[in-house]
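For reference, the chains in residue letters:
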4 protein chains.
Amino acid sequence: MGSKIKVGILGATGAVGQRFVQLLQGHPWFEISVLTASQRNVGRRYGEACKWVLRGDMPAHLRDVVLEEARPGMDCQIVFSALPSGAAREVEQELAAAGYAVCSNASAHRYDDDIPLLIPEVNPEHLALIPVQQARRGWKGFITTNPNCSTTHLVSALHPLHQAFGIRKVFVVTMQAVSGAGYPGVSSMDILDNIVPYIPNEEEKIEQREPHKLLGRLDGERIQPAEIVISAHCNRVPVRNGHLEAVSVECKQRPSLEAIREAWQEYRPLAQQLNLPSAPQPPIVVRSEPDRPQPRMDRMLGQVPGMATVVGRLREDPLFHFKFLVLGHNTVRGAAGGSLLNAELLVAQGYLGAEAAALARVASPV
Amino acid sequence: MGSKIKVGILGATGAVGQRFVQLLQGHPWFEISVLTASQRNVGRRYGEACKWVLRGDMPAHLRDVVLEEARPGMDCQIVFSALPSGAAREVEQELAAAGYAVCSNASAHRYDDDIPLLIPEVNPEHLALIPVQQARRGWKGFITTNPNCSTTHLVSALHPLHQAFGIRKVFVVTMQAVSGAGYPGVSSMDILDNIVPYIPNEEEKIEQREPHKLLGRLDGERIQPAEIVISAHCNRVPVRNGHLEAVSVECKQRPSLEAIREAWQEYRPLAQQLNLPSAPQPPIVVRSEPDRPQPRMDRMLGQVPGMATVVGRLREDPLFHFKFLVLGHNTVRGAAGGSLLNAELLVAQGYLGAEAAALARVASPV
Amino acid sequence: MGSKIKVGILGATGAVGQRFVQLLQGHPWFEISVLTASQRNVGRRYGEACKWVLRGDMPAHLRDVVLEEARPGMDCQIVFSALPSGAAREVEQELAAAGYAVCSNASAHRYDDDIPLLIPEVNPEHLALIPVQQARRGWKGFITTNPNCSTTHLVSALHPLHQAFGIRKVFVVTMQAVSGAGYPGVSSMDILDNIVPYIPNEEEKIEQREPHKLLGRLDGERIQPAEIVISAHCNRVPVRNGHLEAVSVECKQRPSLEAIREAWQEYRPLAQQLNLPSAPQPPIVVRSEPDRPQPRMDRMLGQVPGMATVVGRLREDPLFHFKFLVLGHNTVRGAAGGSLLNAELLVAQGYLGAEAAALARVASPV
Amino acid sequence: MGSKIKVGILGATGAVGQRFVQLLQGHPWFEISVLTASQRNVGRRYGEACKWVLRGDMPAHLRDVVLEEARPGMDCQIVFSALPSGAAREVEQELAAAGYAVCSNASAHRYDDDIPLLIPEVNPEHLALIPVQQARRGWKGFITTNPNCSTTHLVSALHPLHQAFGIRKVFVVTMQAVSGAGYPGVSSMDILDNIVPYIPNEEEKIEQREPHKLLGRLDGERIQPAEIVISAHCNRVPVRNGHLEAVSVECKQRPSLEAIREAWQEYRPLAQQLNLPSAPQPPIVVRSEPDRPQPRMDRMLGQVPGMATVVGRLREDPLFHFKFLVLGHNTVRGAAGGSLLNAELLVAQGYLGAEAAALARVASPV
């Protein structure tokens, strides 16, 4: 098989859309064949319509790509959705119905019973919802989603501990980078020399919805949410990239710090076993210095920059069992990179067909 | 009685020393008569030896004051100590022995059994340790101390709630401004576009020592520490002034949010009743917006800028009873201003003698 | 005369509008009687419609003021315009025609031949254009304007030197604060850990229009622009308030540094002689440290915070005659405060009628 | 020839020393065999003695290297000097005398008549000073130096224009990143929400010394300094890496903007012709957007990140002939990377012996 799997990016001109473009450069399995934009930009060239906000430059070969409308007929098999949630709901459904594999970073469908909310390292078995979804809705394609940026790294760090020790209570305070709000997003007038201790709907997502579904158990055709109680305070800080979270945890029984460290260090879930191209090896980087992780120093750690979750400052907690810090890149693993890794898992697990799976086996032998 | 009470500032060239200088400008009771510095600067003029780091300029009339050594013989009645802790221990003892009222921002003596750790609004009755201290040590003067910057505002916000509802557990994550580390303090290389999730000894002070003593009960000649369990994560953020803290609390019984708000709003402790010149009115500012307090917007609130404690975002907590944010200026109320208000309380309560107390009554009638 | 002059603020909900509100608190001559907003906010209360972006809080007594439309019939004598330039043109003309004294911060009319572009210290004689304007246009009222933020402080610093030495060439590089772009204005994504070396139209205003008109000579019914050649590079930097400008100057003949310093220090123009309430005393603060002025340290210098122009680092220039730095607050003196001082000059000079002028004489005796 | 050329790093624990370590990872010609430190760290392991301040981590294989004293006997052929200038003078001389090739980033010897101040693209012919230096001083080895960070990128941008059009006057205002001052360097208290418009000795280096020597003509055994008059204002801004400079230029005759652009774009000096491993291709990146270069976006442009010089916003200047912006990474090309490229040039030109030159020819065929 000579060529790559064609993919489209919905909402390619925005900050997350650009991150998709950047992460897909030189991808061993995927090639960009479609870029979509909102109505007023359809028909314009990507190079004109898009103000590039990432470091360096837009890839030169995409400058002349003409922006399309997001609708059936696009020449691609997978679509990555960087749409705002409002716009995402209808469009993603229509594309899934028409046969596309929709890997969405939008929150529109995250909480639907039959749509997987997915972190490949955490809950790959939730892919079993796809046939449920297709049967129930009569779709030829399907939708998968990834969690929001602060949930992603929190749950990534908690998952091996939950498996080993059974987590009951989590207290988390986030210090989130400005890029999490998109572009233009947070006004410099609000954040220079300041903190904004409020991010709309963010605490609700962490306290009530996302971790519970991600760590939930697949029970026939549905997910039984994990029984964990979480309290979250979410803050915006004057940092460009990288969400840092202070976490305290109580388990069924108190684990030793050594056992926790071991659980993280020995963690080698499916995505890493499959050697997916965007899977960080190791998935969790454990730091031992007293003052790490730090956003600027650690957000791009690992052989796939921005995809790892970094933990550190593990210590006893006077109220709960232990506490630590978790850091991760919010627009790489926490957004576009999360969708991308989901797509890689889908390919490797055969959800895109035998030919695609074969391509994956050849390109990334384990 | 015509003149003011003479005061000295120990360590006048440092960042906290400068804040003492600034806050004492135009003070109705106190006038600066002595500035001390470390050995290499003794004999130099303040204007030469001190690189002024606060906004605006050093008060012009102090530029030519000759820096002295900190030792008995200084022409003043009260000394404010902005010494580093190492240097503070011996010097402060020597001065207290010689008869000075030492109001110290250093941590050297904070945890001594017979030395008050004081927030005038919180535990003015702890001044009763002064005669104990003098009797036990044979001192003519005495030492009082104020807590560290992050403890000050945390305990200020908790005190009326502890009185009303009996606090049992506190979870706190601090986001602390760079000025808390003094000058030059935090390197710009460490903090631009970054967070440093570690401040040496800070978590220990909050978890094990300061809140417990401050909220403790005077029992004869000693303090019975409050039985509160606290977990703290301390972080340094790229904000110049103002420590913001995310707090979750559990009490003996769950209070309503309304009752909490009322406890804060009706709080009128002794310092405010006495109308001390640096006492903020009200001591606690309660904000109702969804996104306040914020360091830049709220750190200088109140009629005595930088002295109030600001709370907001009060809401139910899924794990504990309630959660909120507290903000306060770390080098005003959290450092120099804390010592200054202590001194005012000492004067008003007669610890500086009848003449000083009379001055206070005339200058600040209730 | 018992009451104050009623003033209105056009565009009161924006960042400059808020600055007008703040500066007018407790003003000895003026009281706010009208706040206007764009169509969608007319009829709402100021406290609801306006997200306050300045430190502290909106003045409590204005929270319930109902926002009006900006049109004749408003109950005030002076209107301060914080409108965007597009909206300003028609509205300001209509109000001037109807008899209001319009003191505008918008650029819409700055370059009209018969409308003064005014800095009270620099060109008060240009007020003579007002009768010209009224005669030519048949207006009962009139419009005055103030220059843009970076021009204001540049020309304020140059004016006494131009009077004394005749300036021929000016090279200027600005480092401008984010607040100059309004709210939300500059995205945090664009400016954290970055500089944006471009501000649309800013270089053109400095190189071709504003300094030349301000320093121009009134010649009968028009202004002869000053014959100065200026080169400007304008940059946006991650500073909240305060524009800093590096300036090199060539005059008709080379003045000594001493003569320049003297020209600044002895500068006491009409606004200061009249003792206008918002006139900084002195108008130009000359700093002698090697590393000042600095935005954070010096932007609020002076007895009327934010109204002074601060200069420093005066030294010989290898290419021109001398070089120095100038700093000033961009949203106080560089925007709302500039319009306010213009209004005070108008009152003091009798352009608002004898009664108003009398009020001024009583309130601010020279 | 199987092995690489051994190199040592003097002052390896500092910020520039760390940058040398980072840039030498995987270098095709060089391998680190010696790390030196100041007396109190000699004998300690690099991993203990060095607080790593660059992103990510210290290379693992260097953690256990024992720090040596910088003196003859070190097992290496080239030494890169990241010493502070005071310490550098004696040590570098001693090492050069003993036969080492010293590539120094220190300023100690930059202005010595017989020591090349070198940018490989600009003045490779100045290497002819090496035999002069050796003969005059009786040294077996030699010293070369690279200019300071702000000069490097300014002169790199000017060189092709000077060759083509003969530059006469340069006006430059720098906006320099905090990393230029080393670690801990600039206090966060000085630079958050601020600019410091003064960098000791920086303006003198640009106005009087470095550009003139770099662009000077080799005349027998000495350099005739270029006859260019430069005026410089130097500022420190709250940016982590990347110096941005606003430049206005006057030439012998006014070149067209098109001719200037062409001179930059067609510039292919010796270092690029030789295909030196750290030579950026192209050496000068010309941007055409209205708002570039920007530090965060462009400081790491190019196939050798941080080594290129980036120019943009070329336009006519009302006072001089043209103006533009130049940006470059200050601790990569402006410091350690500058020394490294010098070493590569020395190897390629045979100054390290035939064997080293042969290695270079094999590893980097043109």
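The structure displayed is predicted, hence computed values, not measured ones. (Residues numbered from 1 in each chain as written. Chains lettered and ligands numbered in written order. Predicted model: local features only at pLDDT ≥ 70, side-chain atom pairs only at ≥ 80, totals over all residues.)

### Looking at the overall build of chain A
Logical step 1: In terms of helices and strands, chain A carries 12 helices and 13 strands.
Logical step 2: Since a compact globule built from 366 residues should have a radius of gyration of about 21 Å, the 20 Å found for chain A is in line with a globular shape.
Logical step 3: Counting only C-alpha atoms and orienting by the principal axes, one finds that chain A spans roughly 60 × 50 × 35 Å.
Logical step 4: Counting the 366 residues in chain A, one finds 60% classified as buried.
Logical step 5: Taking all contacts inside chain A whose residues are at least 6 apart in sequence as the whole, residues at least 24 apart take part in 73%. (Helix = DSSP H or I, 4+ residues; strand = E, 2+ residues; numbered from the N terminus. Rg over C-alpha atoms; globule rule 2.2 N^0.38 Å. Buried ≥ 20, exposed ≤ 12 C-beta atoms within 10 Å, placed from the backbone. Contact = placed C-beta atoms within 7 Å.)

### Focus: unusual backbone geometry
Logical step 1: The omega torsion across A:Y183 and A:P184 is 0°, close enough to zero to call that bond cis.
Logical step 2: Mapped onto the secondary structure, A:P184 falls in the loop between β6 (167-176) and α6 (188-191).
Logical step 3: The phi dihedral of C:D193 is positive, around 55°, even though this residue is not glycine.
Logical step 4: Along the chain, C:D193 turns up in the loop between α6 (188-191) and α7 (202-214).
Logical step 5: The phi angle at C:R313 is positive, at roughly 50°, despite the residue not being glycine.
Logical step 6: Following the sequence through the fold, C:R313 ends up in strand β12 (residues 309-316).
Logical step 7: Take C:R313: there are 21 C-beta atoms within 10 Å of it, and that puts it in the buried class.

### Some points on the interface of chain B and chain A
Interface extent is often summarised as the accessible area lost during association of the parts.
Logical step 1: Listed by partner, the interface residues are 35 residues for chain B and 35 residues for chain A.
Logical step 2: Residue assignment for the side of chain B that touches chain A shows that the elements contributing at least two residues are β6 (167-176), β9 (229-236), β10 (243-251), α10 (295-298) and β13 (322-328) of chain B.
Logical step 3: It is β9(B) that contributes the most residues to the side of chain B that touches chain A, five residues altogether.
Logical step 4: Across the side of chain B that touches chain A, the residue classes tally to 20 nonpolar, six polar and nine charged. (Nonpolar A, V, L, I, M, F, W, Y, C, P; charged D, E, K, R; others polar.)

### Section: the interface of chain B and chain C
Logical step 1: Counting residues at the interface gives eight residues for chain B, matched by eight residues for chain C.
Logical step 2: For the side of chain B that touches chain C, the class distribution of residues is four nonpolar, one polar and three charged.

### Remarks on the relation of the copies chain B and chain C
Logical step 1: Of the transformation placing chain B onto chain C, the axial shift is 0.0 Å and the rotation is 180°, giving an RMSD of 0.0 Å. Expressed as a symmetry operation, the mapping of one chain copy onto the other fits a two-fold axis. Closest to the rotation axis within chain B is the C-alpha of B:D193, separated from it by 3.3 Å.
Logical step 2: Here 100% of the contact residues of chain B are again contact residues in chain C; the copies associate through an equivalent surface. (Least-squares fit on C-alpha atoms with pLDDT ≥ 70 in both.)

### Brief notes about the environment of C:N146
All names here are of chain C.
Logical step 1: Summarising the element assignment, N146 is placed in the loop between β5 (142-145) and α5 (149-165).
Logical step 2: Judged by C-beta crowding, with 30 C-beta atoms within 10 Å, N146 ranks as buried.
Logical step 3: As for N146 and L118, which are separated by 28 residues in sequence, their C-alpha atoms are 5.1 Å apart.
Logical step 4: Excluding residues within four positions of it along the chain, N146 makes contact with N105, L118, I119, T152, G338, S339 and N342.

### Some thoughts on the sheet that holds strand β11 (residues 284-286) of chain D
Strand pairing within a sheet occurs via backbone hydrogen bonds; the two strands may be parallel or antiparallel.
All names here are of chain D.
Logical step 1: Taking strand neighbours across the sheet as the criterion, the six strands line up as β9-β6-β10-β13-β12-β11 in an open arrangement whose pairing is mixed. With partners counted over all chains shown, the strands left at the sheet margins are β9 (229-236) and β11, one partner each. Mean inter-strand twist for the sheet, computed between neighbouring axes without regard to direction, equals 20°.
Logical step 2: Bridge analysis of strand β10 (residues 243-251) against strand β13 (residues 322-328) gives seven bridges, and the strand direction is antiparallel. When the bridges of β13 are listed, A246 appears paired with L325.
Logical step 3: Together, β6 (167-176) and β9 form the strand contacts of helix α7 (residues 202-214), whose direction differs from that of β9 by roughly 150°. (Pairing = 2+ DSSP bridges. Axes fitted to C-alpha atoms, helices over the stretch in contact; angles between N-to-C directions.)

### Points about the packing of α5(C) against α7(C)
Residue and element names in this part refer to chain C.
Logical step 1: As a packed pair, α5 and α7 sit with axes 10 Å apart at the nearest point and diverge in direction by 45°. Between α5 and α7, the interaxial angle falls into the category oblique. For α5 against α7, the interelement crossing comes out right-handed. On α7, the residues that touch S150, T151, L154 and V155 of α5 are E202, K205, I206, E210, P211 and L214. (Parallel < 35°, antiparallel > 145°, perpendicular 65-115°, else oblique. Left-handed = near helix turned anticlockwise from the far one by under 90°.)

### A look at the domain arrangement of chain A
Residue and element names in this part refer to chain A.
Logical step 1: Once the domains are mapped, chain A shows domain 1 (5-148 + 335-363) and domain 2 (149-329).
Logical step 2: Taking the mean C-alpha position of each, domain 1 and domain 2 sit 24 Å from one another.
Logical step 3: Opposite the 30 residues of domain 1 that make contact, domain 2 presents 30 residues.
Logical step 4: Sort the elements by how many residues they give to the side of domain 1 that touches domain 2 and helix α11 (residues 332-348) lands first, with eight residues.
Logical step 5: Across the side of domain 1 that touches domain 2, the residue classes break down as 18 nonpolar, eight polar and four charged. (Domains from an automatic or database assignment.)

### Focus on the sheet that holds strand β2 (residues 30-35) of chain A
All names here are of chain A.
Logical step 1: One open sheet holds the five strands; their spatial order is β2-β1-β3-β4-β5, and the pairing between them is parallel. The sheet terminates laterally at β2 and β5 (142-145), the two strands that pair on one side only. This sheet shows a mean twist of 25° between the axes of neighbouring strands, independent of strand direction.
Logical step 2: Pairing of strand β1 (residues 5-10) with β2, which is carried by five bridges, proceeds in the parallel orientation. Bridging from a neighbouring strand, I5 pairs with F30 of β2.
Logical step 3: Against the sheet, helix α1 (residues 15-24) makes contact with β1, β2 and β3 (78-81), and its axis sits at roughly 160° relative to β1, the strand it touches most.

### Points about the pairing of β10(B)
Residue and element names in this part refer to chain B.
Logical step 1: For β10, a buried count of eight out of nine residues is recorded, marking the element as mostly surrounded by other parts of the structure.
Logical step 2: Relative to β10, β6 is paired through eight bridges, and the arrangement is antiparallel. Its bridge partner lying in β10, T174 is registered against E245.

### Here we look at the nonpolar core
Logical step 1: Ranked by internal contacts, the top residues of the largest apolar core, which has 473 residues, are A:V172, B:V172, C:V172 and D:V172.
Logical step 2: Setting aside chain neighbours within four positions, we find B:V172 in contact with B:L154, B:I206, B:I230, B:A232, B:E245, B:A246 and B:V247. (Core = buried A, V, L, I, M, F, W, Y, C linked by C-beta atoms within 7 Å.)

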